[in-house]
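Descriptive analysis of the structure
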Protein chains: 2
Amino acid sequence: MNFKIYYKMSILIKNIQLNNQIKDILIEGQHIKKIDDTISLQADKIIDGRHKAAVPGLTNGHTHAAMTLMRGYADDMPLMPWLEEKIWPLEQKLTEDDVYWGAKLACLEMIKTGTTNMVDMYHFFAGTARAVDEMGIRAMLTYAGFDFELHTKAETYKKEVKQYFESMHQYSDRIHFAMGPHAIYTVSKKLLMWIKDFAADNGLKIHTHLSETPGEVKDSIKKTGLRPVEYLESIGLLNSNISLAHCIYLNDTEIKMLADNGCQVVHNPASNLKLSSGNNFRYKDLKNAGVTVALGTDGTCSGNNLDMYETMKLASLNGKAAWNNPTIWNAEETFKTACEPAQELTGFKTGKIEETYLADISLIDLNLPEMTPNFNLISNLVYSANGNCVDTLICDGKILMENRHVPGEEEILKQATRVAFDLIKR
Amino acid sequence: MNFKIYYKMSILIKNIQLNNQIKDILIEGQHIKKIDDTISLQADKIIDGRHKAAVPGLTNGHTHAAMTLMRGYADDMPLMPWLEEKIWPLEQKLTEDDVYWGAKLACLEMIKTGTTNMVDMYHFFAGTARAVDEMGIRAMLTYAGFDFELHTKAETYKKEVKQYFESMHQYSDRIHFAMGPHAIYTVSKKLLMWIKDFAADNGLKIHTHLSETPGEVKDSIKKTGLRPVEYLESIGLLNSNISLAHCIYLNDTEIKMLADNGCQVVHNPASNLKLSSGNNFRYKDLKNAGVTVALGTDGTCSGNNLDMYETMKLASLNGKAAWNNPTIWNAEETFKTACEPAQELTGFKTGKIEETYLADISLIDLNLPEMTPNFNLISNLVYSANGNCVDTLICDGKILMENRHVPGEEEILKQATRVAFDLIKR
């Protein structure tokens, strides 16, 4: 007898800090069913929320999950030698099994640091999809597209995209499929337009890199006569279903174009700083124009970890310094940037702890030095804590971590280590 | 019968990763006695070092420990309203007992994040000294000096400094006393020169804030005709016994002056970024000139935490971006900056794991997602991990934390919370 279809598991979290009040939270099935001062109902699982706070699971708006395998393999190098001599040669040797274990490691790290939702772009789509499915988090997964203006590459990519899209019924509804053209300098206009049509025909979102370096802007102008955002607009790719990672080099016209078309922008401070891509992300101007800004870690080859708490602090501190204004990127706004774009960016109704939202919740341990005193929970989370303050993680109504333990974590570390060392020896 | 004087406790750490090799480390009394492939001696305590790495305890080169009590109390404000409306009014109400509990919380946080040595400047010297003494870490403590050009304030300060200096016999030799004039804009020339003489007469080091904001440089020129470093040089304060926190606004002449006089500079990236003091710290120029650069967190009102692992990442990433050079502040160099200036800065022979050095050692847990794969330990520590990767902390040959538990930590969190909430209600 299979109860899965009929019976909704319930979790009752008692006496937890939620937005500076003490509340009970009832989860039923995948959703937050009820929030109240006291809920006196039975539940399959009761969690004592005392000395803990509930915050939404965070959304990592841009990453390449399986690159965890290359963490620490090459650092402190200029962008092109780093890519050409180190990263790309390794990526040539990757297998689907490598990607599976790399993505498992990434999911483990995200669970341990309070991230329940991510936007991923990488090779070997099925490896990542299987890992996310098993690990229990949420993801909008894209299959990285490149054709380098080569017809055969474009045709192979189209065929693979169709196959992966058709395979989606295999996976949990925690996984959304989206289109992932790598960048305007690696994907031809023709393939970009096919991607646009495929997305429109199938109701899919699009995620791509844009305006990450001054060189990219320069090349775009040389090749097309247009700046990157203008180019995407000219070929009809700008609409509310596209999210753009980086966007450091934007002029006022481009910011208006992004706002007018309802696009989302994902800021990746660790990666942009470490690769010296640029530290002048125009957060305030984008917000004032009405553009949704999300945060991401980028892959662990550039950002080195997947900790969105650290990402919040980097975004805020670097933003204040770069614009010489200690009042911008305030704690409350920064925290929201890591939570609330979830639905627009990935299509999942998560990022808030409210009735009817999906039950993606971190329980924060308040008995930590870095969380003491608790004058201002959000300030402590953004400026003082890191992802290790997460004690318990719930995603889609299921407990993925309790008391900082994730079932099976030892095996994931072992297998990811094995695969990573094998990869560099191949 | 008191064995303390005659009997040296020993700790043997077996099979631990040390600089990419597997070693045994024998600690006897306060010191590292022996490092070898295999040490087959008896010891009072044996630690299994498998799946762990040994790194030096870090030095936090600039903080105001007891300000942990005000963590999160006021953020996202411009410098002067922040100080005048929020911080200074609270500090007026502080008691020695408050400072004691604030410093206990700070020491706990440092122990939990691998810091064994700090440079502190604050009010109620005895409160901090007692806390450090009990908690078992090392510190160079200064009593913050201000006279605002007022003779009576200067006289009171001198009297108090003498009293505190004479009280040092009460405390462990893990505590060094040093002089701590707050800054050139809060301390008169006359008092600065008395401080210089008192330091020289008693073989003491001096620690002060310098060149933190453009306004400070402007005011110095207006008042003295000299830039801050030039002013200190003109009154004879520059020598190898002085360390200077911040030093963001230096010209080439000042850098040469610091180098010629053997001064140390302490960079505080979190504070400088968050308060928008400046993100152009001239690390490379200072290093090239031969100046010793250390790292600090500043107080938790500006930097919000005391995690030196996070501080390393902020220094490196922000430095790369600010100078548009991904190769500077490389992982190895950044890590050394948090360890090796210890002796010059604070007078303690620590910051390296070598025979004859003081036994201040962190044992890093390698079974963590953020430490996997372990291609490059130092890269993982600087770019991926945070202070929570420290599993066990040894300072002065004593185990202060094991399996991330510090004896008495619950009581410290409770008392610090009580004191902090009482403070804001007074």
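Residues numbered from 1 in each chain as written. Chains lettered and ligands numbered in written order. Predicted model: local features only at pLDDT ≥ 70, side-chain atom pairs only at ≥ 80, totals over all residues.

Turning next to the overall build of chain A. Each helix and strand in chain A was counted, giving 15 helices and 16 strands. Whereas a compact globule of 426 residues would reach a radius of gyration of roughly 22 Å, chain A reaches 21 Å, a difference of no more than 12%. Projected onto the principal axes, the alpha-carbon positions of chain A cover approximately 65 × 55 × 45 Å. The buried share of chain A, reckoned over its 426 residues, is 59%. (Helix = DSSP H or I, 4+ residues; strand = E, 2+ residues; numbered from the N terminus. Rg over C-alpha atoms; globule rule 2.2 N^0.38 Å. Buried ≥ 20, exposed ≤ 12 C-beta atoms within 10 Å, placed from the backbone.)

Further remarks concern the domain arrangement of chain A. By a frequent convention, interface size equals the accessible area lost on bringing the separate parts together. Residues and elements named next belong to chain A. As far as domains go, chain A holds domain 1 (10–56 + 359–409) and domain 2 (58–346). Relative placement of domain 1 and domain 2: their C-alpha centres are 29 Å apart. Of all the secondary structure elements, the ones that give two or more residues to the side of domain 1 that touches domain 2 are α14 (377–384), β15 (390–395) and β16 (398–401). Counting residues per element, the side of domain 1 that touches domain 2 draws most heavily on α14, at five residues. Classifying every residue of the side of domain 1 that touches domain 2 gives twelve nonpolar, five polar and five charged. (Domains from an automatic or database assignment. Nonpolar A, V, L, I, M, F, W, Y, C, P; charged D, E, K, R; others polar.)

One copy of the chain maps onto the second through a rotation about an axis and a displacement along it. Superposing chain A onto chain B takes a rotation of 180° combined with a translation of 0.0 Å along the rotation axis, leaving an RMSD of 0.0 Å. The symmetry that links the two subunits is that of a two-fold axis. Residue by residue, 100% of the interface of chain A is reproduced at the interface of chain B, so both copies engage with the same surface. (Least-squares fit on C-alpha atoms with pLDDT ≥ 70 in both. Contact = placed C-beta atoms within 7 Å.)

Turning to the interface of chain A and chain B, a few remarks are in order. Contacts between the two partners involve 50 residues from chain A and, on the opposite side, 50 residues from chain B. Those elements that provide at least two residues to the side of chain A that touches chain B are α2 (96–112), α9 (269–274), α11 (308–322), α14 and α15 (409–425) of chain A. Per element, the largest residue contribution to the side of chain A that touches chain B is six residues, and it comes from α11(A). Here the side of chain A that touches chain B is built from residues that sort into 22 nonpolar, 19 polar and nine charged.

What follows covers the nonpolar core. Counting residues in each nonpolar core, the largest one holds 275 residues, and the members touching the most others are A:Cys107, A:Ile111, A:Val132, B:Cys107, B:Ile111 and B:Val132. Leaving out residues up to four positions away in the same chain, A:Val132 has contacts with A:Ala103, A:Cys107, A:Ile137, A:Ala139, A:Leu141 and A:Ile175. (Core = buried A, V, L, I, M, F, W, Y, C linked by C-beta atoms within 7 Å.)

Further remarks concern the environment of A:Lys205. Residues and elements named next belong to chain A. Position of Lys205 relative to the elements: it lies in the loop between α5 (189–202) and β10 (206–210). Given 23 C-beta atoms within a 10 Å radius, Lys205 is considered buried. Lys205 sits 37 residues away from Ile242 along the chain, and the two C-alpha atoms are 5.8 Å apart. Ignoring anything within four residues of it in the chain, the contact list for Lys205 reads Met140, Ala178, Ala199, Asn241, Ser243 and Gly347.

Turning to the packing of helix α4 (residues 151–166) of chain A against α5(A), a few remarks are in order. Residues and elements named next belong to chain A. Look at α4 against α5: their axes get within 11 Å of each other, and the N-to-C directions meet at 15°. Looking at the two axes, α4 sits roughly parallel to α5. Read as a crossing pair, α4 and α5 show a hand that is right-handed. Contacts from Ala154, Tyr157, Lys158, Val161 and Phe165 of α4 reach α5 at Lys190, Leu191, Trp194, Phe198 and Asn202. (Axes fitted to C-alpha atoms, helices over the stretch in contact; angles between N-to-C directions. Parallel < 35°, antiparallel > 145°, perpendicular 65-115°, else oblique. Left-handed = near helix turned anticlockwise from the far one by under 90°.)

Interpretation of the predicted coordinates at a detailed level should be avoided for regions scoring low in pLDDT. Overall, the predicted model of chain A reaches an average pLDDT of 96, with 99% of residues at or above 70. The complex model carries a pTM of 0.97, and its ipTM stands at 0.96. (pLDDT = per-residue confidence, 0-100.)

Peptide bonds are mostly trans, and most non-glycine residues show a negative phi. All names here are of chain A. The omega angle of the peptide bond from Thr372 to Pro373 is -5°, so this bond is cis rather than trans. In this structure, Pro373 sits in the loop between β14 (361–365) and α14. The backbone of Phe148 sits at a positive phi, close to 50°, despite the residue not being glycine. Relative to the assigned elements, Phe148 resides in the loop between β8 (138–145) and α4.

Bringing helix α2 (residues 96–112) of chain B into the picture now. All names here are of chain B. Here α2 spans 24 Å end to end across 17 residues, near enough to the 24 Å set by a 1.5 Å rise per residue. In terms of burial, α2 is a largely internal element, 15 of the 17 residues being buried. Following α2 by one or two positions, Gly114 adopts a phi angle in the positive range, close to 85°. (Expected span 1.5 Å × (residues − 1).)

This part is about the pairing of strand β16 (residues 398–401) of chain B. Bridge count between strand β15 (residues 390–395) of chain B and β16(B): three bridges; the pairing is antiparallel. Within β16(B), the residue paired with B:Cys395 across the bridge is B:Lys398. (Pairing = 2+ DSSP bridges.)

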